[in-house]
Amino acid sequence: MSVQYGAISWNRQKKVYDLTLVSLLVLYLAVFVGVGAWRNPSATAETLLIRAFGTAAFLLLNVVLCIGPLARLDRRFLPLLYNRRHLGVTTFLLGLAHGGFALFQFHALGNANPLVSLFISNPRYGSVADFPFQALGFFALIILFLMAATSHDFWLRNLSAPTWKRLHMLVYVAYALLVAHVTLGALQTETNPVLAAALIVGVVTVLSLHVVAAFREGRVDRARHQAVEEGFVEVCKVDRITEKCATIISLSGERVAVFRYDGKVSAISNACQHQNGPLGEGRIIDGCVTCPWHGYQYQPESGAAPPPFKEKIPTFRVKIVKGSVFVHPHPNPPGTRVEPAKIGSAQVDVTEAQSR
Ligand code: HEM
Ligand code: FES
């Protein structure tokens with residue numbers, strides 16, 4: 001974490017982000033209900049609200065899923081990523097309003113408990129046209145709830161980063177459940193093609209952005225690096241690395257960020273402890289590698305966050321030979337201080353880093 005990082009403070013940027021989000025949503029819901037009532041005067045208020053909240057939640061989920069790959073492909077999308085969790089919580093609240101109204105409308109008036117009725121009122125699990133699609137929406141809502149409830153950094157620390165990450169990967173399961181929820185539900189009766197077209201555009205956009213971003217990232221992993229003497233691997237010429245920035249390479253399956261700063265070169269793991277943000281796409285600010293996603297900071301020599309923070313990431317030994325940077329692929333334990341390689345002025349330069 002960094003001194004500047006304010007996990008729970010409401011800074012101006014967060015307020016603007018949330019205000020914009022709420023205004024756009026209110027506008028969407030008002031236009032949806034207004035146009036729906038005008039085009040279909042017989043529709044009840046509950047039906048219009050169910051549809052307005054359901055489509056808003058699904059639309060927002062598509063946006064949430066596109067932000068990750070977009071930010072990887074173009075840094076101008078990074079501001080959207082900073083508070084992506086606010087979008088996730090809002091998606092859950094919209095889904096809850098939609099599911100709540102639907103439970104009330106379709107299951108509240110019978111003898112059975114509405115939640116029981118949701119599962120037993122339609123047992124035609126073998127049918128496509130009559131599939132009990134509402135159960136799929138319910139399971140997706142449970143996943144969205146778990147993610148919203150654990151979205152705060154408090155849970156990230158308590159569950160540990162890998163567990164938290166695994167839990168939040170369930171968003172793709174929720175997305176698949178919701179695509180099935182809409183396809184087997186509303187699309188079976190809806191005659192207006194707009195909903196089907198919107199669903200297809202959303203799914204194709206989400207999938208293609210993920211494929212393109214994965215292909216772009218895969219280039220780093222596919223690049224072959226020759227091992228040279230003593231197991232060190234050549235990365236690139238020193239002058240290919242911009243001052244206070246990094247180049248990212250993949251060594252033995254792990255991504256390494258090699259930073260150049262103040263006449264020195266250091267190598268640390270590319271994965272931020274917070275949410276696996278790509279540290280090599282960040283910069284050195286105030287002497288610390290600063291994650292481009294939410295601003296966690298690490299000292300380049302040790303991979304440790306500046307005191308009083310406790311995060312630590314692995315470091316790698318570095319040396320410079322004849323103007324080329326070499327990194328040892330074996331990671332040091334997180335927080336291990338490694339002497340940076342010094343960039344010599346002339347022919348130099350056999351400044352081998354030594355683990356202390
Ligand atoms: C307990 C959970 C849920 C229940 C009982 C439920 C129920 C329903 C019902 C009855 C419909 C058909 C409405 C109609 O055709 O008038 C529907 C459609 C839809 N649902 Fe859900 N749903 C749930 C969860 C969700 C969630 C979590 C999302 C999105 C995040 C979602 C998104 C949609 C969408 C986009 C549609 C199609 C548009 C519409 O007709 O409303 N649903 N759902
Ligand atoms: S600060 Fe959030 S991923 Fe790095």
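Parameters and conventions
- Residues numbered from 1 in each chain as written.
- Chains lettered and ligands numbered in written order.
- Predicted model: local features only at pLDDT ≥ 70, side-chain atom pairs only at ≥ 80, totals over all residues.
- Heavy atoms only, no water.
- Helix = DSSP H or I, 4+ residues; strand = E, 2+ residues; numbered from the N terminus.
- Buried < 20%, exposed > 50% of the residue type's maximum accessible area, 1.4 Å probe, protein only.
- Contact = heavy atoms within 4.5 Å.
- Lys, Arg positive; Asp, Glu negative; His and termini not counted.
- Charge placed at Lys NZ, Arg CZ, Asp CG, Glu CD.
- Donors = N, O, S within 2.8 Å, 3.2 Å for Na, K, Ca; no water.
- Tetrahedral: all angles 85-135°; square planar, octahedral: opposite > 155°, others 65-115°.
- Core = buried A, V, L, I, M, F, W, Y, C linked by side-chain atoms within 4.5 Å.
- Axes fitted to C-alpha atoms, helices over the stretch in contact; angles between N-to-C directions.
- Parallel < 35°, antiparallel > 145°, perpendicular 65-115°, else oblique.
- Left-handed = near helix turned anticlockwise from the far one by under 90°.
- Pairing = 2+ DSSP bridges.
- Near = heavy atom within 4 Å.
- Polar contact = N/O pair within 3.5 Å; in protein donor to acceptor, adjacent residues only side chain to side chain.
- Nonpolar A, V, L, I, M, F, W, Y, C, P; charged D, E, K, R; others polar.
- pLDDT = per-residue confidence, 0-100.

**Comments concerning the overall build of the protein**
Phase 1 of the analysis: Along the backbone of the protein there are 11 helices and 11 strands.
Phase 2 of the analysis: Its C-alpha atoms put the protein at 85 × 40 × 35 Å along the principal axes.
Phase 3 of the analysis: Taking all 356 residues of the protein together, the buried fraction comes to 42%.
Phase 4 of the analysis: Put simply, 56% of the contacts in the protein that link residues at least 6 apart link residues at least 24 apart.
Phase 5 of the analysis: Of the charged side chains in the protein, 33 are positive and 22 negative, and the gap between their average positions amounts to 2 Å.

**Describing the coordination of the iron atom of ligand 1**
Tetrahedral metal sites with four donors have an ideal angle of 109.5 degrees; octahedral sites with six donors have ideal angles of 90 or 180 degrees.
Phase 1 of the analysis: Only H98 (NE2) and H181 (NE2) from the protein coordinate the iron atom of ligand 1, and they sit 2.0 to 2.1 Å from it.
Phase 2 of the analysis: Given six donor atoms and angles of 86 to 178° at the metal, the environment of the iron atom of ligand 1 is assigned as octahedral. Taken together, the residues H98 in helix α4 (residues 84-107) and H181 in helix α9 (residues 171-184) connect sequence positions 83 residues apart. As far as burial versus exposure is concerned, H98 and H181 are alike and both buried.

**A look at the nonpolar core**
For soluble globular proteins, the rule of thumb is that nonpolar side chains tend to be buried together.
Phase 1 of the analysis: Grouped together as the largest cluster of nonpolar side chains are 29 residues, with contacts concentrated most on L87, L94, F259, I268 and L279.
Phase 2 of the analysis: Going through the elements one at a time, α1 (12-39), α2 (45-73), α3 (78-82), α4 and β3 (254-261) are the ones with two or more residues in this core.
Phase 3 of the analysis: Ranked by residues supplied to this core, first place goes to α2 with eight residues.
Phase 4 of the analysis: In contact with I268, other than residues within four places in its own chain, are V256, A257, F259, L279, V289, P300, G303, I313, P314, T315 and F316.
Phase 5 of the analysis: Grouped together as the second largest cluster of nonpolar side chains are 24 residues, L61, L141, I143 and Y175 included.

**Some details on the packing of helix α6 (residues 133-149) against α9**
Phase 1 of the analysis: Remark: α6 packs on α9, axes separated minimally by 8 Å, with the N-to-C direction vectors making an angle of 155°. Classed by the angle they form, the pair α6 and α9 counts as roughly antiparallel. Along this stretch, α6 crosses α9, giving a crossing that reads as left-handed. Of α9, the residues touching α6 (which contributes F133, Q134, L136, G137, F139, A140, I143, L144 and M147) are V171, V173, A174, L177, L178, A180, H181 and L184.

**Structural notes on the side chain of T90**
Phase 1 of the analysis: Relative to the elements of secondary structure, T90 occurs in helix α4.
Phase 2 of the analysis: The class for T90 is buried, based on a relative accessible area of 17%.
Phase 3 of the analysis: Discounting residues that sit within four places of it in the chain, T90 has contacts with L21, L25 and L60.

**Looking at the sheet that holds strand β9 (residues 318-321)**
Phase 1 of the analysis: Sheet architecture is open: three strands sit in the order β1-β10-β9, paired in antiparallel fashion. At either margin of the open sheet sits one strand with a lone partner, and together these are β1 (233-237) and β9. Neighbour to neighbour, the strand axes of the sheet diverge by 30° on average, direction disregarded.
Phase 2 of the analysis: Sheet analysis places β1 next to strand β10 (residues 324-327), joined by four bridges and oriented antiparallel.

**Considering the site of ligand 1**
Phase 1 of the analysis: Around ligand 1 lies a shell of 22 residues, among which R51, G54, H98, L178 and H181 are the nearest.
Phase 2 of the analysis: Here an oxygen atom of ligand 1 sits 3.0 Å away from a polar atom, N or O, in the side chain of R51.
Phase 3 of the analysis: Between ligand 1 and H181, the relevant distance is 2.8 Å, taken from a nitrogen atom to a side-chain nitrogen or oxygen of the residue.
Phase 4 of the analysis: Among the secondary structure elements, those contributing two or more residues to the shell around ligand 1 are α2, α4, α6 and α9.
Phase 5 of the analysis: Partitioning the shell around ligand 1 into residue classes produces 13 nonpolar, eight polar and one charged.

**What to know about unusual backbone geometry**
Phase 1 of the analysis: The residue after P307, namely P308, is reached through a cis peptide bond having omega 10°.
Phase 2 of the analysis: Its place among the elements puts P308 in the loop between β7 (297-298) and β8 (315-316).
Phase 3 of the analysis: Its identity as a non-glycine residue notwithstanding, K244 has a phi of 70°, on the positive side.
Phase 4 of the analysis: The residue K244 is located in the loop between β1 and β2 (246-251) in this model.

**As for the confidence of the model for the protein**
Phase 1 of the analysis: Averaged over every residue, the pLDDT of the protein is 89; residues scoring 70 or more account for 93%.
Phase 2 of the analysis: This model gives residues 346-356 a pLDDT under 50, and the stretch forms 33 contacts once residues within four places in sequence are excluded.

**Details of the packing of α1 against α4**
Phase 1 of the analysis: Where α1 contacts α4, the axes come no closer than 11 Å and their chain directions differ by 30°. The angle between α1 and α4 places the two elements in the roughly parallel class. Crossing geometry of α1 relative to α4 is assigned as right-handed. Two secondary-structure elements touch here, α1 through K14, Y17, D18, L21 and L25 and α4 through R84, H86, L87, T90 and L94.
Phase 2 of the analysis: Residues of the contact of α1 with α4, tallied by class, amount to five nonpolar, two polar and three charged.

**Concerning the environment of S42**
Phase 1 of the analysis: With respect to the helices and strands, the residue S42 is situated in the loop between α1 and α2.
Phase 2 of the analysis: For S42, a relative accessible area of 63% gives the class exposed.
Phase 3 of the analysis: In terms of polar contacts, S42 uses its side chain to reach the side chain of N40, at 2.9 Å.

**Notes on the sheet that holds β7**
Phase 1 of the analysis: Reading across from one edge, β5-β6-β7 is the order of the three strands in this open sheet, with antiparallel pairing throughout. One side of each edge strand has no neighbouring strand; the edge strands of this open sheet are β5 (283-285) and β7.
Phase 2 of the analysis: Across two bridges, the pairing between strand β6 (residues 288-290) and β7 is antiparallel. Bridge assignment links V289 to a residue of β7, and that residue is Y298.

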